[in-house]
Amino acid sequence: MTRKELAERLSKEFGLTKKLSEEIVRFLFNAMTEELLSGGKVVIQSFGTFYWELAKEREVVHPRTKERIRIPQRYKLKFEPARALKVRKR
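Our subject in this report is the structure included herewith. In this text the structure is predicted, and so the values were computed from the model without any measurement.

## A word on unusual backbone geometry
If a residue is not glycine, its phi is most likely negative; likewise, a peptide bond is most likely trans.
Next, step 1: Here the phi dihedral of Ser46 falls at roughly 65 degrees; this positive angle occurs in a residue that is not glycine.
Next, step 2: As for its position among the elements, Ser46 is in the loop between β1 (42–44) and β2 (48–55).
Next, step 3: Take Ser46: its relative accessible area is 52%, and that puts it in the exposed class.
Next, step 4: In this structure, Lys66 is a non-glycine residue whose phi angle is positive, near 60 degrees.
Next, step 5: Note on Lys66: relative accessible area 60%, which makes it exposed.

Here it is in structure tokens:
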């Protein structure tokens, strides 16, 4: 589902104008992005949690050249689905 599809569904479900529903979706994602970029986490009840995790430094081998490459430690954005979401998928 894209942002546009989400806005269209919001518009139909609640009888909003497309412009207003697009603004609501844009606001929601901007708020989530700001929270994550400030180092926080986003918890959405019955859906899941978005958070940052520090990935350790590691060495990998380039498949073509067989050269060893060091990948420095970095933060990765992770998502942990809520139990309610996991149960519904089964």
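After presenting the structure, the write-up continues.
## Structural notes on the pairing of strand β4 (residues 68–71)
Next, step 1: As judged from the four bridges shared by strand β3 (residues 58–61) and β4, these two strands associate in the antiparallel manner. Across the sheet, Arg58 pairs through a bridge with Ile71, a residue of β4.
Next, step 2: Following β3, the chain reverses through six residues before pairing antiparallel with β4; Lys66 in that reversal takes a positive phi of roughly 60 degrees.

## Section: the pattern of salt bridges
Next, step 1: For the coordinates displayed, the defined rule picks out four salt bridges.
Next, step 2: The partner of Glu53 in a salt bridge is Lys78, with the nearest N and O atoms 3.8 Å apart. With Glu53 in strand β2 and Lys78 in strand β5 (residues 74–81), the pair connects residues that are 25 residues apart, well separated along the chain.
Next, step 3: Note that Lys86 is salt-bridged to Glu80, the shortest N-O span being 3.2 Å.
Next, step 4: Accessibility expressed as a relative area gives 39% for Lys86, which makes it partly exposed.
Next, step 5: Exposure remark for Glu80: the relative accessible area of 38% places this residue in the partly exposed category.

The rules we used
Residues numbered from 1 in each chain as written. Predicted model: local features only at pLDDT ≥ 70, side-chain atom pairs only at ≥ 80, totals over all residues. Heavy atoms only, no water. Helix = DSSP H or I, 4+ residues; strand = E, 2+ residues; numbered from the N terminus. Buried < 20%, exposed > 50% of the residue type's maximum accessible area, 1.4 Å probe, protein only. Pairing = 2+ DSSP bridges. Salt bridge = Lys/Arg side-chain N within 4 Å of Asp/Glu carboxyl O.

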